[in-house]
Amino acid sequence: MTMATMNDALAGAPGKGRKFGRDLAGLAVILGLAVIGYLLFPNNLALLTRMTAIALLVLSLDLVTGYCGVATLGHAALFGTGAYAAGIAAVHFGLTDPLLMLACGILGGALAGLVCGIVILRAHGLPQLVLSIALIHLFHESANKASVWTGGSDGLAGIAPDPLLGYFEFDLWGRTAYVFGIVLLSAVFTLLRLVVRSPFGMLCRGIKEDSVRVRAMGASPKLALMKMYVISGAVAGTGGALNAISTQVVGLDSLSFTLSAESLVMLVLGGTGSLFGALTGTIVFMFFEDIVSAANPFHWLTMVGALLIAVVLFAPKGLYGTAAGLASRWRGAAR
């Protein structure tokens, strides 16, 4: 072993320890907030479960936008496909076991990610946005027209999942769905932390910074982005399946442009290129939306808009990104 290699290894050990510590801290925060939410809002677990499902969607969006630099406003296509896949499996094929429904949602989301990746990655920049918008409208209209399978504008009802693991029923209070969602979010968060730190994740970051240099090194940017799109689709499909299992109905709103735009807003609000930022933006946006819409049903969008303008002007890296930057600066000053 050369001296340079030895120095790199010695320098990398503390870094790995810090990253592992951040992983544990992230899981602790997720579980801590889950317990607090359960204790403070025992009668509003449906909102918290919905928030968990949307958090999975925003995490999936962060993979392609924050880490890969792919511009998209149609990511709800992956979420909605996962929801419909789980719902159709239960209603039309009798696959009412929650884990089987989840598997169908993951598979549906991954396939949707493959289709969207093939189309969107043929362009760059503004044309990518146009293609993503076209795709979300195509997915929406396809679901609307296939009313025999999807229920069309009336929604796909009659989803009745079996008790989880044969023991835990999905009751009216939403306790089982909430715990199920938190377990899924924790597992997905842990796996994604490993993905974004892996050589593959670093390659995707390199493509975002300079795809020409990555190509010159012998790697295939398009193949790497396609793989990340499929992974992103699987994560979004997990959120869609969770939403279908918890609400027991799937509507066309799960394939709406509005949901796609809101998920992007949540990501920007928390901070792109960070899984912690994706979670932060989802929690802040959805709680703020719920509070202000209840306080002022007629002008709550104005308040949400004011919040977003303030964040963009005074915290351009997002809430988490700005807070992390300030904390790093303070640690540097303390040394």
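As the structure is a prediction and not an experimental result, all values here were calculated from the model. (Residues numbered from 1 in each chain as written. Predicted model: local features only at pLDDT ≥ 70, side-chain atom pairs only at ≥ 80, totals over all residues. Heavy atoms only, no water.)

Digging into the overall build of the chain
Rules: By definition, any uninterrupted DSSP run of H or I lasting at least four residues is a helix, any uninterrupted run of E lasting at least two residues is a strand, and each is numbered from the N terminus. For a compact globule the rule gives 2.2 Å times the number of residues to the power 0.38, and the radius of gyration it is set against comes from C-alpha atoms. Only protein chains enter the calculation, and the probe is 1.4 Å; a residue is then buried if its accessible area is under 20% of its type maximum, exposed if over 50%, and partly exposed in between. Any two residues having at least one pair of non-hydrogen atoms within 4.5 Å are treated as being in contact. For accessible areas, the Shrake-Rupley method is used with a probe of radius 1.4 Å. Any residue's cover is judged against the shown protein chains and nothing else.
Summing up its helical and strand segments, the chain has 13 helices and zero strands in all. Mapped from its N terminus to its C terminus, the chain presents α and β elements in the order α-α-α-α-α-α-α-α-α-α-α-α-α. Radius of gyration (C-alpha) of the chain: 20 Å, near the 20 Å computed for a compact globule of 335 residues. Out of the 335 residues in the chain, the part that is buried amounts to 44%. At a minimum sequence separation of 6, the contacts of the chain that also span at least 24 residues come to 78%. By element, 70% of the accessible surface of the chain is carried by carbon and sulfur atoms, the whole surface being about 16,700 Å².

Quick look at the nonpolar core
Condition: The set of buried Ala, Val, Leu, Ile, Met, Phe, Trp, Tyr and Cys residues whose side-chain atoms join them within 4.5 Å is what this entry labels a nonpolar core.
Core analysis: the largest hydrophobic core is formed by 83 residues, its most contacted members being Leu 59, Val 70, Tyr 84, Cys 116, Phe 180 and Tyr 229. Once you skip the residues sitting within four places of it in the chain, Val 70 turns out to touch Val 64, Thr 65, Ile 120, Leu 121, Gln 128, Leu 225 and Tyr 229.

Description of unusual backbone geometry
With phi around 60°, Gln 248 is a residue other than glycine that occupies positive phi space. Gln 248 sits in the partly exposed class, given a relative accessible area of 29%.

Considerations on the confidence of the model for the chain
Regions with low pLDDT should not have their predicted coordinates read in detail. The cut-off we apply is this: A residue's pLDDT is the confidence the predictor assigns to it, expressed on a 0 to 100 scale.
Counting all residues, the mean pLDDT for the chain is 85, and 93% of those residues have values of 70 or more. Element-level pLDDT for the chain is lowest in helix H1 (residues 3-40), with a mean of 66, against a maximum mean of 94 in helix H4 (residues 98-120). Low pLDDT, under 50, characterises residues 1-14; the predicted model gives this stretch one contact beyond four residues in sequence or across chains.

Describing the packing of aromatic side chains
Think of a pair of aromatic rings as described by two things: how far the centres are apart, and how the planes are tilted against each other in angle. Quick reminder of the rule: Stacked, tilted and edge-to-face are the three classes assigned to paired rings of Phe, Tyr and Trp, where Trp is represented by its six-membered ring and a pair needs centres within 6.5 Å; plane angles under 30 degrees give stacked, over 60 edge-to-face, the rest tilted.
For the structure shown, the criterion picks out six aromatic pairs. A centroid spacing of 5.8 Å and a plane angle of 40° characterise the contact between Phe 41 and Phe 287, whose relative ring orientation is tilted. Of this pair, Phe 41 sits in the loop between H1 and helix H2 (45-66) while Phe 287 sits in helix H11 (residues 275-295), and the two are 246 residues apart along the sequence. Residue Phe 287 is classed as partly exposed on the basis of its relative accessible area of 24%. Grouping aromatic residues by their ring pairs yields a cluster made of Phe 189, Phe 276 and Tyr 320.

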